[in-house]
Each structure stands twice: as structure tokens, then as C-alpha cells.
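Here is what each chain is made of, one letter per residue.
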Amino acid sequence: MATKSGCIFIQRRFASAAAAVRPSAAEVRSHRNAVFLREQSRQRALFPRIEKIEVSMQGPGLEGTLLVMNKGMSTPLSCARHLTEYHVTSSVLALVDGELWPLHKPLMDSCALRLLTFKDRDPTAVNQAFWRSCSALLGQVLETAFKDDFTVELLRSPDVPVTSGAFCCDVVLDPQLDSWAPSQESLRSLTRGAQLLIHLDLPFEPLDVLPSVALEVFSHNKCKQEEVVKMASENPTGTLQLYRCGDHVLLSSSPLVARTGLCSQFEVTALHSLGSGPWGLHRRAQGLSLPTQLQAHHTVWNKLRKRAEKLVRKS
Amino acid sequence: MAGWTCRFLLQRGARLLSPRTESSLFIACRRTVKTTTWFEEHLTEDNQEYMRKIVGEDYRKLTAERLNPLKDEPWPRHEWTEGRGRPKFTSLLHAVVQDCHVLKYLTKDEYDGRTAALLVGGKNVSPFHRSESEMEMFRNAGVPPKQKVSTFKVSDNAIIKPGTPLYAAHFRPGQYVDVTAKTIGKGFQGVMKRWGFKGQPATHGQTKTHRRPGASGPGGDPARVWKGKKMPGKMGNIIRTAHGLKIWRVNTKYNVLYVNGSVPGHRNCLVKIRDTTLPLRSASILNPPFPTYFTEEEEDLAEDLYDESLFVHTEPSLALT
């Protein structure tokens, strides 16, 4: 017992020394932002001359529509802006030649484009992307919610299906917070933070990068660097997808939705402890959200919310 | 409701027109759009059925008799003394008591500074057409949302814990009650139906004057019409109380009260029943269940309770000795 407390004491002494050396959260964020912007402008500069591509639209009422867009600059969102405001507000993802494409990613070749919404006949892919984006949003809220004295490590969140009841964000908090259990008031303040991000309607900007750039982006974070290496090995093309929302940069293996304003009802429901792992005490933050096009009555919402408080196990 | 109707129309209207004119339509008809919806708009059919079923089951669970091994003890109960008010409750017409629960207790200071009050609600309704702020009170009491909520002034030793169900056996036969309800609305009525004026004769030279009020007041001295003059106007649909109605029979199984006389309101309307305030009849309330009838304690009550002077139709009418 004495050795354990002694170890903790020593850890804390060294931790506080390391904290003095470790850059603050704001500095980390601005560094990641700077690297992301640099890479983004570099990729944009690869197309100095405007070359045209032909995009044929598919969808209800759009058969035969042919749009002439710019190569490497036009995104599926700009195609939607050529159509109507309804298409702009309701599109979530795009299907480019059968492949899921984030809405803000530039188009490279002439292709067939289909805009996906929540009200399609088969919205499985869209729902899954929505769930992933909500979990990314929850991660962003958790990173910015704590005071500067406490570290927050975002782990790779499990890709749970929509039918599991809640989206999860795995996180490891500062060791000082191991015994902290959030009250309803703290969950509500996290919800408020998320609602603010939703109100700002920030787009999820995608970027395909090489692992070296990703390692540079996450140079302050060992956990994220390990994740980068693992993801790069899983991907056949060897590139990674980074997304930027506001000034928060995150990794994702699959496409995310177009913008944060697509969620309307968002609530952080619970924070469960999973047990200790290699980085510390693993915690799973869970939340529930519904898009603007599919809002629920308060009775239905309360039912869903009660279910979202239960721990979701990765199947 | 008008807000999202507009949005519904905009969306429907947009699909009818060609894509060219859609954007101009949106710019021209920009209004603030409310995002409330009917509860089943975005649910699949089996989910809609599930929601309806589960709400019914929840209500049954909430209103079922429950054991109370919980920390919040039932509130202390006091002996009945003459002159104290009892809580009374809302029920359906023809005195079928349907799902009455005590919702809230307002202390003397919260209510009017003189007497305490209890909010009582009757008849369950669906939660899908009630807003969240209204649902809050029902959620705190742990009961399903009610159609009508009314206030009863009670004395301090007659307060009941919110969430307690109220039954017809709260009243006993031989007791006198006051029944309050909204009268049947007759619309705009003339002076003969509304105030009982005599009108004018049908014949003997009356020109176009058979149901009119006639003179409207004295003459030169006031030189005006008094305030409150009886004239044609909207009749009915106002709250009225019938005092001193006797209860002859109480059915405890189906929660029915059989009450003498006529009661304001149409068939199947909600009425509020109180112990009578008439001074000569209030003495008839002898040893009532105080503060209310609890099924756990008085389980040996017969299904039908009759007044002493009432002939029970199931008994033999003649006894030959």
C-alpha cells in the first residue's frame, strides 16, 4: 500500500514535471491545424490550371443531368449547389461510381454522382456515417471540455451499429480523474458544448494524406501515432483520411457526414468505465443523436435516451 | 402547428414544381419554420405500433397497485374531525371515476395564503399531444398524463401524497355532494331561451315581434340601459355547480357513483365532485374515509354500497312470515 501510494506520488511528481514540458491543449490544436492547412493548400496547388470534368447526376428527378465541373476543386457539395437548396441541406454523403465519398472531397475524374440523404430507401451507409460523425463530435467535445490541468486521450472509438442504441467515444482521462464519476449536471454541460458545435454548423473537411504527414500532425500524441500506423497498415492504398471540424483534427477510416448542423437532437447520456488498459483507465462516453430530417417526439426521444444510458458493448 | 404546416406545404409544393422555379419559391416564402412534428412522422409502421402498445403498458404499470418498500414513506394520516375539508376529485359524468390521481400538493403559501390545495388529475390521455413542460408535472408525480387537472382546497391534515390514486369509494352512500361541470353550449341564443322572457303574442296584429325582448329599461331618469341587462348572447359552455346532490349507491368494483338529480354537462363529460358546502347537509358526512379511500387498508368493502333508505333491487321485495 505504501509502495503504491509512493509510486503514485512519484508518478505525479514526474507527471507534473512532464506537464510543464508538454505543450498546452491550445498549442497542440493550433499545430495540428497548421499542418492540416499546409497539406490542404499543397494538395489544392497540384491543380493550377482549371480542367473540366463531366459529372452525370443520378437520383430521383435528376436523370440525365450533366454538370461540367472543375477537376480537383469541385466537390459533390458544389454539384448540389448547382441544383437546389433542398439538395444542399439534405445531402449527407455522395456515391461516386458506387464508392462512398464525403461531400467536401474534391472530384478527380468524370463520374456518376448520386447524393444520399437520410430519407432514401436504403439509408444504412448514411446512418452509419452519421453515427461515426456523432462519435467524432463527442470526442471533440470531450477534448475541449476539461480544464487545462487534465489530459484527455481519445482512443479509437468502436464502430458500433446504429441499432446498438448509442454511439460511443472511447477516452482515457487524466489519472487524477480516475475516481471521478460525472453527475447529471456535467453530462448536461457536455451536451451544451455539443449543441454549440452543432449550432455553428461546421463542415467536416476531409483530406487524404500519407502516413508521414499524419504522424507529423499527431506528433505530440503517442497514442494517436500508434493508431496512424495501424490504420495505414489496414488500408490497401496506404493513405489515411484526416477530417477537420473547426480547429479539431481527427482520424477516421470511413467517410463522415457533411457538417455538424445535420444533427438536431444531441445528448450525452453516460460515461462508463471499462477497466484499465495500456493508456490508463478506459472510459466509454455514450451519446444519442438524431438528424434534422428525422426528429423524434419527446416521448419517443425519452424512450431512446433511457436505452442509450446502458453500456454498449462492442460486438 | 401552423409553422410546420407551412413547411410541409413548402416541401410538397416544391416537389410539384420544376427544379428551375424551386429556389425562387423558397426565397419568396421564407418564414420561420417550427420543427415540431406528429410523433409518428419519421417512425416505421412497426415502430408506430410498438410506441402505442408500450405507452399503454407503461400506463398500466404506473397505475397498478404497488408495494411501497421505498425510502419515500407514505405521508402521515390524521383522524377526521368535524369541520375539516377533505380532498375531493374529478371524475367522468355519470360518476364513473376513471384514473384519478393526486398530482401535486401546494402549501398554504404557494396557493393563496389561507388554505392548502391539492392538484388532482383525471382520465389518462396519450403523451403524444402534450408538450414537454406539461409532462413535467405528471412525470414528477409518476402518473400518466391526464386530460383534466383541477384544484381542491383542503385542510392541512387532509393532504395526500402526489401519485395516490383516488377511487369512487372515497364517497359513501347517503352523503351529499356538489357537482361542477361545464354546461352544454347552446351557442348564440335569444332572450326567451336564455333568460326566460315571455316574448310577445303570435297573433293579434304583432308585426315582426314574437320573441324580442321588448323594452330595455326605465326611461328618462337613468336615460341609459343598466349594466348587466339581460340580452341575447352566447349561452352555455360555462362552469356551473349543482349543490346538494345525494349519493344513493357506490360501486367499488367499477368505480361508479349514483347521484340524485341533474348534473351540468353533456353525456361523458368530465365533472368535478366535492363534498357539499351546504351547511344543513354537511353533517351527513359521518366517518368518511379520511383523507381518502386506500384499497390496501379497507379491503373488505362490498362491491355495491347502498344508502339505507334505498331498496336494493336484488333482495326479495316481500317477506312472508
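Residues numbered from 1 in each chain as written. Chains lettered and ligands numbered in written order. Predicted model: local features only at pLDDT ≥ 70, side-chain atom pairs only at ≥ 80, totals over all residues. Heavy atoms only, no water.

For chain B, an unreviewed UniProt entry supplies the name Large ribosomal subunit protein uL3m and the organism Periophthalmus magnuspinnatus. Under the UniProt heading Sequence similarities (unreviewed entry), the note attached to chain B is "Belongs to the universal ribosomal protein uL3 family." (UniProt positions renumbered as here; feature names shortened; annotations may be inferred.)

By the naming in an unreviewed UniProt entry, chain A goes by Large ribosomal subunit protein mL39 and is assigned to Periophthalmus magnuspinnatus. You can read under Subcellular location (unreviewed entry) in the UniProt record for chain A the words "Mitochondrion".

Bringing the pairing of strand β8 (residues 205–209) of chain A into the picture now. All names here are of chain A. For β8, the buried fraction is high: 4 of the 5 residues fall into the buried class. Inspection of the sheet shows β8 paired to strand β9 (residues 240–245) by 5 bridges, in the antiparallel sense. Each residue of the ladder has a partner; that of D208, found in β9, is Q241. (Buried < 20%, exposed > 50% of the residue type's maximum accessible area, 1.4 Å probe, protein only. Helix = DSSP H or I, 4+ residues; strand = E, 2+ residues; numbered from the N terminus. Pairing = 2+ DSSP bridges.)

Right, let's get into empty space enclosed by the protein. Residue and element names in this part refer to chain A. Summed over all chains, the structure comprises 1 cavity of 30 Å³ or more. As for the largest cavity, its lining consists of F130, S133, C134, L137, F204, V257, R259, T260 and C263. Per element, the largest residue contribution to the lining of the largest cavity is 4 residues, and it comes from helix α5 (residues 124–145). Of the residues assigned to the lining of the largest cavity, the class counts are 6 nonpolar, 2 polar and 1 charged. (1 Å grid on protein atoms, 1.4 Å probe; cavity = no way out; pocket = protein on both sides within 12 Å on 5 of 7 lines; lining within 4 Å. Points joined across faces, edges and corners; volume = space filled by probe spheres on them. Nonpolar A, V, L, I, M, F, W, Y, C, P; charged D, E, K, R; others polar.)

This part covers helix α5 (residues 132–141) of chain B. The set of residues buried in α5 of chain B consists of M135, F138 and A141 of chain B. Down the axis of α5 of chain B, the buried side of the element spans an arc of 115 degrees, and every buried residue falls inside it. When the buried face of α5 of chain B is taken as reference, the exposed residues oriented beyond 90 degrees from it are S133 and N140 of chain B. Those residues of α5 of chain B that are buried lie in contact with α9 (298–308) of chain A together with β2 (100–106) and β4 (146–154) of chain B. Just beyond α5 of chain B, the residue with positive phi is G142 of chain B, at close to 75 degrees. (Arc of directions from axis to C-beta. Contact = heavy atoms within 4.5 Å.)

Sheet strands pair by backbone hydrogen bonding; their relative direction is either parallel or antiparallel. All names here are of chain A. Pairing is antiparallel across the open sheet formed by 3 strands, whose spatial order is β8-β9-β10. With one partner strand each, in any of the chains shown, β8 and β10 (248–251) form the two edges of the open sheet. Neighbour-to-neighbour, the strand axes of this sheet turn through a mean angle of 30 degrees, independent of strand direction. Strands β8, β9 and β10 of the sheet are contacted by helix α2 (residues 25–44), whose axis makes an angle of about 75 degrees with β8. Where helix α8 (residues 222–234) meets the sheet, its contacts fall on β9 and β10, and the angle it forms with β10 comes to roughly 45 degrees. (Axes fitted to C-alpha atoms, helices over the stretch in contact; angles between N-to-C directions.)

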